[in-house]
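Residues per chain, in single letters:
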Amino acid sequence: MAEHSILIVEDDRTVRELLKHRLGKHYNVATATNGQDALDHVESSIPDLIISDIMMPKMDGFALQSALQSDKNTRVIPFIFLTARADEPARKQGERTGVDDYITKPFDMDQLLSRVERLLERVEVFQSNLDAEIGRDFSNRLLPDRLPDVNGYRFDFHAEAHAQGGGDLFDWVETDQGTYFLTIGDVMGKGLRAKFYAYSFLSYVRGTLHTLLKESTSPAAVMRSINEMLLSDEVLEDTFASFLLLHWNPHTHTVTYANAGHCRPVLVTPDGPEIAEHSDLILGLEEDTSFSDVTLDLAPGGALFAYTDGLTEQPGRNGDMLGEAAMRDLAAEAQDRDQPIEAIRTGTLDRSAADDFQDDILILWMQRSPNTD
Amino acid sequence: MSFDVETLTSDTVIVHVGEALDFRNADEFKETFQDYVEDDIQNFILDFSETEVLDSTGLGSIFSLYREISPQDGQVAFADVSRPVQVVVQLTRTYKVFRQYPSVEAAKEALAS
């Protein structure tokens, strides 16, 4: 957590230095000697809290506070007045809005510190609630509100966001040929920043797919173009992402995929589950990375299980992460269940040392009916 | 926690990554290597001997380093890679970009030649 900044506005040098010294131990403190001086400071950098005297030359505390109230950017800065006893009548005269606290001089330093702390805490709680709300909003936009509905297949999808989660994303589109293009990705990083990048990213991928799918249904070709974009776009310059692109053809019962450093999916075959081995370099790292397409056959009753690292990185009972081997076992267990995703979820938590998931999780399960040809 | 950096030659440093490189200290790692990149350091040997945690944010910060120095033919070498780091490197296929060496000594020799 970054250090909070406090602006002290006080014309009396002794009081100013005393406050600066004491508050400086916990916060990043700046000082001003009158209201005008303070406004200049606020213009260049907005503090997290202002403590101001009332009687000052040039511009007094009331004028300063009024000036701050007139601008929506500065109106919200928590504001504490330091008042001398002589100011009491003036203070009572005008009940001012936007003042969070009055402290009468001579003041008790510990009391001041605790009020400052409480005010900043309030701001912080507000901020983190807002972050959580925006994060949830992004998370919702990163996931589809409906799923492909194809005869002879079941298609299950589940995602749950974690407060400390990152930028998991999933999207799908049906092509003109009645096949499906699925995108699963994980943008590196945590929190709001990752979600924001994932969101910008997904918008780009949607646009790219729309154009590219007219010419080719090769996941590798799409992957190359996403990689180029990541390396050339200045906003996304420091963004890295693992991606799994799948082209699913329910008529030929095949899935062609390209994998850029993403968790490797599990293919459930008549001989048991196996990891789809091939994968290439993660996106955003190197120009001219080559990506290849690999085609998998879905046998009757066969399934494909794809996921993000929230599952593999879940801590196991021995402290190590669950890893890929556990995913293969989970796929085998889920194969004959009515609710394969629920089986994977509970199976993961059963193997884990933790009671809950520690990160965003995303699970995709697509299975061909046993009696189709 | 700050990173322990050893200057080897005019263009090479060793960064002892320590116990963890993750979302908590990735920004600090970036600030650290930035100073050296500005001083024309091109090669970074990352000592992972004690590293128990490398998450995707941490790995992302190493990618940022690679992006900065690769246009000048700089290298990021992974030395004495611990098991948890190995898992991440495998998954993301980044061993294709970062050369790995069994020890810091071996990385030093390889970069010196």
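Residues numbered from 1 in each chain as written. Chains lettered and ligands numbered in written order. Predicted model: local features only at pLDDT ≥ 70, side-chain atom pairs only at ≥ 80, totals over all residues. Heavy atoms only, no water.

## A closer look at helix α5 (residues 109-141) of chain A
An α-helical segment advances 3.6 residues per turn. Residues three or four places apart therefore align on the same side.
So, point 1. An ideal rise of 1.5 Å per residue puts 48 Å on 33 residues; α5 of chain A measures up with 48 Å between its terminal C-alpha atoms.
So, point 2. Contacts made by the buried residues of α5 of chain A are with β1 (5-9), α1 (13-23), β3 (49-53), β4 (79-83), β5 (101-104) and α6 (191-212) of chain A. (Helix = DSSP H or I, 4+ residues; strand = E, 2+ residues; numbered from the N terminus. Expected span 1.5 Å × (residues − 1). Contact = heavy atoms within 4.5 Å.)

## Let's talk about the interface of chain A and chain B
So, point 1. Listed per partner, the contact involves 23 residues of chain A and 20 residues of chain B.
So, point 2. Our enumeration of links across chain A and chain B arrives at 1 salt bridge.
So, point 3. A salt bridge links Asp280 of chain A to Lys96 of chain B; the nearest nitrogen and oxygen atoms lie 3.6 Å apart.
So, point 4. At the junction of chain A and chain B, the tally comes to 4 residue pairs in polar contact (both at pLDDT 80 or more). (Salt bridge = Lys/Arg side-chain N within 4 Å of Asp/Glu carboxyl O. Polar contact = N/O pair within 3.5 Å; in protein donor to acceptor, adjacent residues only side chain to side chain.)

## Digging into unusual backbone geometry
So, point 1. Positive phi values are uncommon outside glycine, yet His253 of chain A reaches one of about 55 degrees.
So, point 2. Inspection of the secondary structure assignment puts His253 of chain A in the loop between β9 (241-249) and β10 (254-260).
So, point 3. Although it is not a glycine, Asp40 of chain B adopts a positive phi angle of roughly 65 degrees.
So, point 4. For Asp40 of chain B, the position within the fold is in the loop between α1 (26-38) and β4 (43-47).

## Thoughts on the pattern of salt bridges
All names here are of chain A.
So, point 1. Applying the stated rule across the entire model yields 15 salt bridges over all chains.
So, point 2. Arg206 is the salt-bridge partner of Asp171, the closest N and O atoms lying 2.8 Å from each other. Remark: Arg206 occurs in helix α6 and Asp171 occurs in strand β7 (residues 167-174); sequence separation between them is 35 residues.
So, point 3. We classify Asp171 as buried; its relative accessible area is 12%.
So, point 4. One salt bridge connects Glu333 with Arg351, and the closest N-O pair in it is separated by 2.6 Å. Taken together, the positions of Glu333 in helix α9 (residues 323-334) and Arg351 in helix α10 (residues 340-351) put the pair 18 residues apart, joining distant regions of the chain.
So, point 5. For Glu333, a relative accessible area of 34% puts it in the partly exposed group. (Buried < 20%, exposed > 50% of the residue type's maximum accessible area, 1.4 Å probe, protein only.)

## Concerning the domain arrangement of chain A
So, point 1. Taken as a whole, chain A is organised into domain 1 (5-136) and domain 2 (146-368).
So, point 2. The C-alpha centroid of domain 2 of chain A is placed 50 Å from the C-alpha centroid of domain 1 of chain A. (Domains from an automatic or database assignment.)

## Let's talk about the pairing of strand β15 (residues 361-368) of chain A
Residue and element names in this part refer to chain A.
So, point 1. The element β15 is extensively covered by neighbouring structure, given that 8 of its 8 residues are classed as buried.
So, point 2. Judged by which residues are buried, β15 turns out to be covered on both faces: Ile361, Ile363, Trp365 and Gln367 on one side and Leu362, Leu364, Met366 and Arg368 on the other are all buried.
So, point 3. Bridging between strand β6 (residues 153-160) and β15 involves 8 bridges; their strand directions are antiparallel. Bridging from a neighbouring strand, Arg154 pairs with Gln367 of β15.
So, point 4. Relative to β15, strand β14 (residues 303-307) is paired through 5 bridges, and the arrangement is antiparallel. Paired with Ala303 across the bridge in β15 is Gln367. (Pairing = 2+ DSSP bridges.)

## Structural notes on the sheet that holds strand β12 (residues 272-275) of chain A
Residue and element names in this part refer to chain A.
So, point 1. Taken together, the 5 strands give an open sheet; going across it, the order is β6-β15-β14-β11-β12, and neighbouring strands pair in antiparallel fashion. The strands lining the two open edges of the sheet, one partner per strand, are β6 and β12. In this sheet, neighbouring strand axes are inclined to one another by 15 degrees on average, regardless of whether the strands run parallel or antiparallel.
So, point 2. Here strand β11 (residues 266-269) pairs with β14 via 3 bridges, running antiparallel. Its bridge partner lying in β14, Val266 is registered against Phe305. (Axes fitted to C-alpha atoms, helices over the stretch in contact; angles between N-to-C directions.)

## Quick look at the sheet that holds β4 of chain B
Residue and element names in this part refer to chain B.
So, point 1. Reading across the sheet, the 5 strands line up as β1-β2-β4-β6-β7 and stay open at both edges, with mixed pairing between neighbours. Looking at the sheet topology across the chains shown, the edges are occupied by β1 (4-7) and β7 (99-101). Each strand of the sheet is rotated relative to its neighbour by a mean of 25 degrees, with strand direction disregarded.
So, point 2. Bridging between β4 and strand β6 (residues 75-79) involves 5 bridges; their strand directions are parallel. Residue pairing for β6: Ile45 is matched across the bridge by Ala77.
So, point 3. Most of the contacts of α1 go to β4, to which it runs at about 145 degrees, and overall it touches β1, β2 (12-16) and β4.

## Looking at the nonpolar core
Residues and elements named next belong to chain B.
So, point 1. Core analysis: the biggest nonpolar cluster contains 33 residues, and Phe44, Leu46, Ile62 and Phe78 have the highest contact counts within it.
So, point 2. When residues of this core are traced back to their parent elements, those giving at least two are β2, α1, β4, α2 (56-69), β6 and α3 (83-91).
So, point 3. Take this core: its biggest share by element is 6 residues, from α2.
So, point 4. Beyond its immediate stretch of four places on either side in the chain, Ile62 contacts Leu21, Phe29, Leu46, Phe48, Leu54, Val76, Phe78 and Phe98. (Core = buried A, V, L, I, M, F, W, Y, C linked by side-chain atoms within 4.5 Å.)

## Observations concerning helix α4 (residues 104-112) of chain B
Residue and element names in this part refer to chain B.
So, point 1. For α4, the full list of buried residues reads Val104, Ala107 and Leu111. For α4, the angular spread of the buried residues around the axis is 60 degrees, confining them to a single face. With respect to the buried face of α4, the exposed residues turned more than 90 degrees away are Glu109 and Ala112.
So, point 2. Buried residues along α4 sit against β2, β4, β6 and β7. (Arc of directions from axis to C-beta.)

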